[in-house]
Amino acid sequence: QVQLVESGGGLVQAGGSLRLSCAASGRTFSSYAMGWFRQAPGKGREFVAAITWTNANTYYVASVKGRFTISRDNTKNTVYLQMNSLKPEDTAVYHCAADKDSRGNYNSLYTYEYWGQGTQVTVSS
């Protein structure tokens with residue numbers, strides 16, 4: 001069982017930066033693929049980024065490439081999402097997720113077995 005707790009959200013002006021953190025419990029965290037998803041009001045949950053357990057591969061939705069960076073520190077059981085050049089359309093609740101099987105298809109929310117409660121990110125224009 002893995003429990004995930006996100007932090008780092010807040011209100012920021014367009015062009016600003018935030019770093020989200022997702023702290024995971026569980027001794028097998030280092031073997032899990034990790035993802036970030038977001039959900040804006042009235043919309044479905046959207047894939048943002050993912051990272052495999054080896055840190056060898058990262059994946060991003062096209063709209064955040066070059067602005068967001070996903071990373072992980074297995075010694076701290078934590079995954080991060082550094083968000084730069086934020087835009088109003090990035091406003092959403094951001095959730096982290098864990099995939100114990102690491103078999104790919106990381107942009108699908110159905111891949112992930114564990115989810116955090118989310119942290120609100122609001123970008124003002």
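This section reports on the structure supplied with the text.

Procedures and definitions
Residues numbered from 1 in each chain as written. Predicted model: local features only at pLDDT ≥ 70, side-chain atom pairs only at ≥ 80, totals over all residues. Heavy atoms only, no water. Helix = DSSP H or I, 4+ residues; strand = E, 2+ residues; numbered from the N terminus. Rg over C-alpha atoms; globule rule 2.2 N^0.38 Å. Buried < 20%, exposed > 50% of the residue type's maximum accessible area, 1.4 Å probe, protein only. Contact = heavy atoms within 4.5 Å. Areas by Shrake-Rupley, 256 points an atom, 1.4 Å probe, with all protein chains shown as cover. Lys, Arg positive; Asp, Glu negative; His and termini not counted. Charge placed at Lys NZ, Arg CZ, Asp CG, Glu CD.

1. Observations regarding the overall build of the chain
Link 1 in the chain: The secondary structure content of the chain amounts to zero helices and 11 strands.
Link 2 in the chain: Element order for the chain, N to C, with α for helix and β for strand: β-β-β-β-β-β-β-β-β-β-β.
Link 3 in the chain: The C-alpha atoms of the chain give 13 Å as radius of gyration, which agrees with the globular expectation for 125 residues (14 Å, within 12%).
Link 4 in the chain: Reported as C-alpha extents along the three principal axes, the dimensions of the chain are approximately 40 × 25 × 25 Å.
Link 5 in the chain: A total of 125 residues make up the chain; the buried ones form 43% of that total.
Link 6 in the chain: Residue pairs at least 24 apart in sequence account for 57% of intrachain contacts in the chain once pairs closer than 6 positions are excluded.
Link 7 in the chain: Put simply, the chain shows about 6,400 Å² of open surface, and 47% of that area lies on carbon and sulfur atoms.
Link 8 in the chain: In the chain, the 12 positive side-chain charges and the 8 negative ones have mean positions that sit 2 Å from each other.

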